[in-house]
Amino acid sequence: MRAQQRTLPDARWVDGGKQGGKQGGMRGDRAGHRAFPAREELTEGALEGFGLDEFELPGELEATAPPEERGRDGRDDVRLLVGRRGGRTVGHHAFRELPRLLDPGDVLVVNTSATLPAAVDGRVADTGEAVVAHFSTRRSPTTWVVELRTPDGRGSTRQRLPTGAVTVRLTGGARLALVAPLRPDGRAASERLWTADFPVPDPLAYLGSYGRPIRYSYTDVDRPVSAYQTVFAQALGEVEGPAAAGSAEMPSAARPFTAELVAQLVSRGVQVVPITLHTGVASVEAHEAPYAEWFEVPASTARVVRAARRAGSRVVAVGTTAVRALESAADAGDVLHAASGWTELVITPDRGVRVVDGLLTGLHEPRASHLQMLEAIAGRPLLDLSYAEALRERYLWHEFGDLHLILSR
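Computed from a predicted model, the values in this text were never measured in an experiment. (Residues numbered from 1 in each chain as written. Predicted model: local features only at pLDDT ≥ 70, side-chain atom pairs only at ≥ 80, totals over all residues. Heavy atoms only, no water.)

A. A look at the overall build of the protein chain. Helix and strand counts for the protein chain come out as seven helices and 16 strands. Across the 409 residues in the protein chain, those meeting the buried criterion constitute 55%. Restricting the contact set of the protein chain to residue pairs at least 6 apart, pairs at least 24 apart contribute 74%. As presented, the protein chain carries roughly 16,600 Å² of accessible surface, and 49% of it is formed by carbon and sulfur atoms. (Helix = DSSP H or I, 4+ residues; strand = E, 2+ residues; numbered from the N terminus. Buried < 20%, exposed > 50% of the residue type's maximum accessible area, 1.4 Å probe, protein only. Contact = heavy atoms within 4.5 Å. Areas by Shrake-Rupley, 256 points an atom, 1.4 Å probe, with all protein chains shown as cover.)

B. Geometry of the sheet that holds strand S3 (residues 107-111). Overall, mixed pairing links the nine strands, which are arranged S2-S1-S16-S15-S13-S3-S11-S12-S14 in an open sheet. Only two strands of the sheet have a single partner each, and these edge strands are strand S2 (90-94) and strand S14 (339-343). Looking at each pair of strands side by side, their axes are set apart by 20° on average, direction ignored. Alignment of strand S12 (residues 293-297) against S14, held across five bridges, turns out to be antiparallel. Bridge pairing in S14 links Phe295 to Gly341. (Pairing = 2+ DSSP bridges. Axes fitted to C-alpha atoms, helices over the stretch in contact; angles between N-to-C directions.)

C. Up close: helix H4 (residues 299-311). The end-to-end C-alpha distance of H4, which contains 13 residues, comes to 19 Å, matching closely the 18 Å that a straight helix rising 1.5 Å per residue would cover. Of the residues making up H4, those classed as buried are Thr301, Ala302, Val305 and Ala308. Seen end-on, H4 carries its buried residues on one side only, within an arc spanning 130°. Looking at H4, the residues exposed on the side facing more than 90 degrees away from the buried face are Arg310 and Ala311. Against the buried residues of H4 lie S3, strand S11 (271-277), S12 and strand S13 (315-318). (Expected span 1.5 Å × (residues − 1). Arc of directions from axis to C-beta.)

D. Structural view of the packing of aromatic side chains. Inspection of every chain in the model, using the stated rule, returns nine aromatic pairs. Plain terms: the ring middles of Phe135 and Trp144 are 5.4 Å apart, the flat faces sit at 90° to each other, and that makes the pair edge-to-face. Classification of Trp144 as buried rests on a relative accessible area of 1%. Where Tyr216 meets Tyr218, the ring centres are 6.5 Å apart and the plane angle is 40°; that geometry is what we call tilted. (Phe/Tyr/Trp six-rings, centres within 6.5 Å; stacked < 30°, edge-to-face > 60°.)

E. Main features of the pattern of salt bridges. Per the stated rule, a full pass over the model turns up 23 salt bridges. Across the pair Arg72 and Asp77 runs a salt bridge, and its minimum N-O distance is 3.5 Å. On the basis of relative accessibility, which here comes to 13%, the residue Arg72 falls in the buried class. A salt bridge links Asp357 to Arg409; the shortest N-O distance between them is 3.5 Å. (Salt bridge = Lys/Arg side-chain N within 4 Å of Asp/Glu carboxyl O.)

F. Representation of the pairing of strand S10 (residues 193-197) in the model. Within S10, four of the five residues are buried, leaving the element largely enclosed by the surrounding structure. With five bridges joining them, strand S6 (residues 143-151) and S10 adopt antiparallel strand pairing. Looking across to S10, one finds that Trp144 is bridged to Ala196.

G. Quick peek at the confidence of the model for the protein chain. Confidence along the protein chain averages 84 in pLDDT terms, with 82% of residues attaining 70 or more. Note on residues 1-46: pLDDT is under 50 here. Beyond four places in sequence and across chains, it has 106 contacts. (pLDDT = per-residue confidence, 0-100.)

H. Region of the structure containing the packing of helix H6 (residues 370-378) against helix H7 (residues 380-392). With their axes 7 Å apart at the nearest point, H6 and H7 run at an angle of 115° to one another. Here Leu371, Leu374, Glu375 and Ala378 of H6 lie close against H7, whose contacting residues are Arg380, Leu382, Leu383 and Tyr387. When its residues are assigned to classes, the contact of H6 with H7 shows six nonpolar, no polar and two charged. (Nonpolar A, V, L, I, M, F, W, Y, C, P; charged D, E, K, R; others polar.)

I. Inspection of helix H5 (residues 320-328) at higher detail. The element H5 is largely enclosed, with a buried count of eight among its nine residues. If you check which residues of H5 are buried, you get Thr320, Thr321, Ala322, Val323, Arg324, Ala325, Leu326 and Glu327.

J. Here's a closer look at the packing of H5 against H6. At a closest axis distance of 11 Å, the pairing of H5 and H6 adopts a crossing angle of 70°. The orientation of H5 relative to H6 falls into the category roughly perpendicular. In this structure, H5 crosses over H6, and the sense of that crossing is left-handed. Judged by residue contacts, Thr320, Val323 and Arg324 of H5 engage His370, Met373, Leu374 and Ile377 from H6. Class assignment for the residues of the contact of H5 with H6 results in four nonpolar, two polar and one charged. (Parallel < 35°, antiparallel > 145°, perpendicular 65-115°, else oblique. Left-handed = near helix turned anticlockwise from the far one by under 90°.)

Set out below in structure tokens:
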């Protein structure tokens, strides 16, 4: 097994001047600002008063547009905050440095789920009220989990809480009938998610014709679904059954990857293997724990992961969705097996992780349920330090923002 103490390459400052302006982020030129050294010690009391569960996210740190629209040089021109569990320092890197931050033999696990154009305009049949339906999870050929939202005049939406059964007339003549509030196993009924009947012959084709990607108020305009697809996304229609459903929201940790960067990782000796997990909606206003999502861990991926763990190499999940899939397929002896189906697993610090040694993820909002998963991998001290540093050094949040690499060893 490899030694527990590892050394990351020296970090360098990543100039963020071009991220300023109306899009938010770092304002103007960084000239005159010092480089934050990767080895700077965490001084006693440095995090006094910082609460990971209660910090306020400044609006200017919300990425309102993709980096390629903010004057950056492509999808992969974002920043990468790097920390190791038990460490008292974090490193600041360019995301393009990822290949040299990993070792030959390490395994990156990526989600191949494609993003659906899952937001569709409609009107409540009885009242004529304008709504937007967010199609979240396909449960059967005609049953979906959905969220109704009210347009707010900016192209984004806010929650609309249904009362009783509701039928919605959707664009294109389709009808959506809400049946009952979603009741996740062992939890109270959701206040915003409903099961619904959607009896159209080909719902994915319908969404392709009349839907658009889900977005929230921190983004500036609607964008085509291509802006929300990752390089790993499997085209809709290439698979059948539950695997064909797609994700309501982008598995965004993989968005900065390009074909060139993947080739560099492979040349470095890093193995890149797939899983699938179709993620549902995760509205920023309601930080509910994730409900049941469909996943698949292929036998080939399970074999590669088992071999890597025997060799002492790390298994790094790209996104919280990849962690949920992997951990759902691991047995009590910390061995990964091929598996598929519905998972209700919620990863907390008490539960911990069994097969994941690292996580590449975005930066999450205060009180987001995903922070429990991050704490399970990073430990609370490192997570506090990382988020305090991300705020201090003006990293950008959300699906078009910067990345965070957590290594448990």
